[in-house]
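Fold and contact review
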Amino acid sequence: GSLSLIRKTTLLRDGATYRLNNELLGVCPKYTSNPVVGVGLKTESHLPAFKGDSFLLKVLFRGVDAFKRSAYIKIVGNEYDVDFQLNFGTNKVKAHRYNASFVGNDIFGRDRIFGTNLNGDEVCVEIYVDRTVIELRFPDGTTYTMSKYPKGRSYEAITINADDPLLFDYEYYQITNSQME
């Protein structure tokens, strides 16, 4: 369900201002399957058909130092989809989501753009998906969390593209809860 990942939340004080720091720690390993692994793939790749619904996908982009353009991760589920643009030149990420039930809803459909550190020769992005939430964790520890609204169980199709060819590896873990299955 919503925000079901293990996290460490701390209250930080900056003068008279307080804020919550929400550190994403990940998934309890006993609830993950053995990984499905892809190595040395080029962008413009459709990943295999996974079970979906609740999963962890780690994408390791390689050769990023020389690549100052954008890579794209697209997740298409049951009546929803989301596109993530990772701009390695500007260290910005753009998230665009769509849901058949929210057509014409300007607030829901508005692009979210935020900064993160995408520098380095290898950049790993972790994508956590459960039944109602998608969360991304970036190498500098920043996270992006968004709601998803599938119609029933969702079986996601995942595509990874880029402006120019870029190598990447991935690890896919199905998240299960034997008490719920």
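Analysis parameters
Residue numbers run consecutively from 1 along every chain, following the written order of its sequence. For a predicted model such as this one, the threshold for reporting local features is a pLDDT of at least 70, and the threshold for listing and counting side-chain atom pairs is 80 or more; totals across whole chains, interfaces and linings nevertheless cover every residue. Hydrogen atoms and water are omitted, and side-chain values are computed over all heavy atoms in the structure. Numbering of helices and strands starts at the N terminus; helices are DSSP runs of H or I of at least 4 residues and strands are runs of E of at least 2. As a reference, a globule follows 2.2 Å times the number of residues to the power 0.38, and the radius of gyration itself is taken over C-alpha atoms. Relative accessibility thresholds used throughout: buried, under 20% of the residue-type maximum; exposed, over 50%; partly exposed, between the two (1.4 Å probe, protein chains only). Only the protein chains shown count as cover for residues, and all accessible areas are computed by the Shrake-Rupley method using a 1.4 Å probe. Residues scored as positive are Lys and Arg, those scored as negative are Asp and Glu, and His as well as the terminal groups of each chain are ignored. We put the charge of a Lys on NZ, of an Arg on CZ, of an Asp on CG and of a Glu on CD. Polar contacts, as used here, are pairs of N or O atoms within 3.5 Å; protein pairs need one atom able to donate a hydrogen and one able to accept it. Residues neighboring in sequence count only if both atoms are side-chain atoms. The contact definition used throughout considers only heavy atoms, calling two residues in contact when any of these lie within 4.5 Å. Stacked, tilted and edge-to-face pairs are distinguished by plane angle, under 30 degrees for stacked and over 60 for edge-to-face with tilted covering the rest, among Phe, Tyr and Trp rings (Trp via its six-membered ring) whose centres lie within 6.5 Å. Side-chain atoms within 4.5 Å are what join buried Ala, Val, Leu, Ile, Met, Phe, Trp, Tyr and Cys residues into a set we call a nonpolar core. A pair of strands counts as paired when DSSP detects no fewer than two bridges linking them. Orientation is described by axes fitted as lines to C-alpha atoms, over the contacting stretch for helices, and by angles from 0 to 180 degrees between their N-to-C directions. A 1.4 Å probe that fits into a set of points on a 1 Å grid over the protein atoms alone but cannot get out defines a cavity; an open set with protein on both sides within 12 Å along at least five of seven lines defines a pocket, and lining residues are those with an atom within 4 Å of a point. Grid points are joined across faces, edges and corners, and a volume is the space filled by probe spheres set on the points. Gly counts as polar in this scheme, as do all residues outside two lists: the nonpolar Ala, Val, Leu, Ile, Met, Phe, Trp, Tyr, Cys and Pro, and the charged Asp, Glu, Lys and Arg.

For the protein, the helix and strand inventory stands at one helix and 14 strands. What you see for the protein is a C-alpha radius of gyration of 17 Å, in line with the 16 Å of a compact globule of 181 residues. Along the first, second and third principal axes, the C-alpha atoms of the protein reach 45 × 40 × 40 Å. Within the protein, the proportion of its 181 residues that are buried is 39%. Of the roughly 9,800 Å² of accessible surface on the protein, a fraction of 51% belongs to carbon and sulfur atoms. Computed over 22 positive and 22 negative side-chain charges, the inter-centroid distance for the protein is 5 Å.

Take the side chain of Asp 169 next. In this fold, Asp 169 is placed in strand β14 (residues 167–174). Only 3.1 Å separates the side chain of Asp 169 from the side chain of Arg 62, close enough to count as a polar contact. Contacts of Asp 169, omitting those with residues within four sequence positions, involve Gly 38, Val 39, Gly 40, Lys 58, Val 59, Leu 60 and Arg 62.

A word on the packing of aromatic side chains. Aromatic rings considered in pairs are described by the distance between their centres and by the relative angle of their planes. Applying the stated criterion to the full structure yields seven aromatic pairs. An angle of 70° between the planes, with centres 6.0 Å apart, marks the rings of Phe 67 and Phe 88 as edge-to-face. Here Phe 88 lies in the loop between β7 (80–87) and β8 (92–99) and Phe 67 lies in the loop between β5 (55–62) and β6 (70–76), a separation of 21 residues in the sequence. Here Phe 67 matches Phe 88 in class, with each residue buried.

With that settled, the discussion passes to the nonpolar core. Counting 36 residues, the largest nonpolar core has Phe 61, Phe 84, Leu 86 and Phe 88 as the members making the most contacts within it. Discounting residues that sit within four places of it in the chain, Phe 88 has contacts with Phe 61, Val 64, Phe 67, Lys 68, Arg 69, Ala 71, Leu 118, Asn 119, Val 123 and Leu 166.

Turning our attention to the sheet that holds strand β11 (residues 133–137). The six strands are arranged β3-β14-β5-β10-β11-β12 in an open sheet whose pairing can be described as antiparallel. Among the strands making up the open sheet, the edge pair consists of β3 (36–42) and β12 (143–147). Neighbouring strand axes in the sheet, compared pairwise and without regard to direction, differ in orientation by 15° on average. Sheet topology note: the strand β10 (residues 122–129)/β11 ladder contains four bridges and is antiparallel. Counterpart to Glu 126 in the pairing with β11 is Arg 137.

Of all eight residues in β10, six are buried, a share of seventy percent or more. Bridging between β5 and β10 involves eight bridges; their strand directions are antiparallel. Bridge assignment links Phe 55 to a residue of β10, and that residue is Val 129. In textbook terms, the turn of a hairpin is the stretch between consecutive antiparallel strands, and for β10 and β11 this stretch comprises three residues.

Take empty space enclosed by the protein next. On inspection of all chains with the given rule, the structure shows one cavity of 30 Å³ or more. When residues of the lining of the largest cavity are traced back to their parent elements, those giving at least two are β7, β8 and β12. When residues in the lining of the largest cavity are grouped by element, the largest group, three residues, is from β8. Taken together, the residues of the lining of the largest cavity break down into five nonpolar, two polar and three charged.

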